[in-house]
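For reference, the chains in residue letters:
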Amino acid sequence: MKLTLREKLVLLFHHELKDRFNLNDYRFKTTFAGAMLFELLEMKRLDIVDGKLVTLANSKGLSKDLKKVYKKVQAKDKPKKVCYWVAKFSENSEKYRKYILKKMSSEGLLTIEKKRYFFFFEKEITHLLKTDLRDQIVNELRAVLMEEKRPNYNEMALICLIDAADVYRLISNVRGECPKMRKKFKALVGEDAAGQGVTEALEMVQSAIFNSIIENNDSPACEAE
């Protein structure tokens, strides 16, 4: 089964047994916003020029949620910095995430159940069905960070998201491995592992995600054009 980067992110961030995700909602929202941008960059619908996002081609053939993201970037009179868009899309990424969760449910990757609390509050609970796919993603990322596997774009993008959210623990439960993984990630960035010029774009989005998480969207630099 061919998975999108957003689907891989959901599988990776979801607890393999419990009906919850492995990180707080704010980090999830921010990294999910970054995943959408990574996909549009890979499809060459977006590009980064002088640290700012610009649209390429058109929105034809994009999924409903990615089309909305593309059109929001396109609608700006002047290009905005990457960190501006990460912060902007993280505000609404729960809506985009619900779209992808519904899609994954229809594909048999997870189930969605609505639970009511105290008779007034309703919450959607997800349960992972394809734990083998999650294990496969973890093993592929470990092969990149702990062995000598050359990363493809999706693998490098996922590692960027893991590094930005500082959740290497999701792919390691061995003491002392996480610092080694972080060091390997820096080395991969330095050697442009995802291809000529591609890693630089990934790193810029990764940096914007990291800053947004750390500064809670209050960075003046992210508001600048």
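Structure shown above.
No experiment lies behind these values; they were computed from the predicted model shown. (Residues numbered from 1 in each chain as written. Predicted model: local features only at pLDDT ≥ 70, side-chain atom pairs only at ≥ 80, totals over all residues. Heavy atoms only, no water.)

## Observations concerning the layout of surface pockets
- Here the largest pocket defines a volume of roughly 390 Å³.
- Taken together, 16 residues form the lining of the largest pocket, with Phe21, Asp25, Arg97, Lys123 and Glu124 sitting closest to its centre.
- Elements with a minimum of two residues in the lining of the largest pocket: helix H2 (25-42), helix H4 (82-106) and strand E4 (121-128).
- Of the residues forming the lining of the largest pocket, the biggest block, 5 residues, is contributed by E4. (1 Å grid on protein atoms, 1.4 Å probe; cavity = no way out; pocket = protein on both sides within 12 Å on 5 of 7 lines; lining within 4 Å. Points joined across faces, edges and corners; volume = space filled by probe spheres on them. Helix = DSSP H or I, 4+ residues; strand = E, 2+ residues; numbered from the N terminus.)

## Examining the packing of helix H1 (residues 5-13) against H2
- Between H1 and H2, the shortest axis-to-axis distance is 9 Å and the interhelical angle comes to 150°. One way to sum up the angle between H1 and H2 is to call them roughly antiparallel. H1 and H2 meet at a crossing whose hand is right-handed. Across the interface between the two elements, Leu5, Arg6, Leu9, Val10 and Phe13 of H1 pack against Phe28, Thr31, Phe32, Ala35, Met36, Phe38 and Glu39 of H2.
- When the residues that make up the contact of H1 with H2 are grouped by side-chain class, the tally is 9 nonpolar, 1 polar and 2 charged. (Axes fitted to C-alpha atoms, helices over the stretch in contact; angles between N-to-C directions. Parallel < 35°, antiparallel > 145°, perpendicular 65-115°, else oblique. Left-handed = near helix turned anticlockwise from the far one by under 90°. Contact = heavy atoms within 4.5 Å. Nonpolar A, V, L, I, M, F, W, Y, C, P; charged D, E, K, R; others polar.)

## Brief notes about the environment of Gly61
- By secondary structure assignment, the location of Gly61 is in the loop between strand E2 (52-55) and helix H3 (64-75).
- Taking the relative accessible area as the measure of exposure, Gly61 reaches 73% and is therefore exposed.
- Placed 145 residues apart in sequence, Gly61 and Gln206 show a C-alpha to C-alpha distance of 26 Å. (Buried < 20%, exposed > 50% of the residue type's maximum accessible area, 1.4 Å probe, protein only.)

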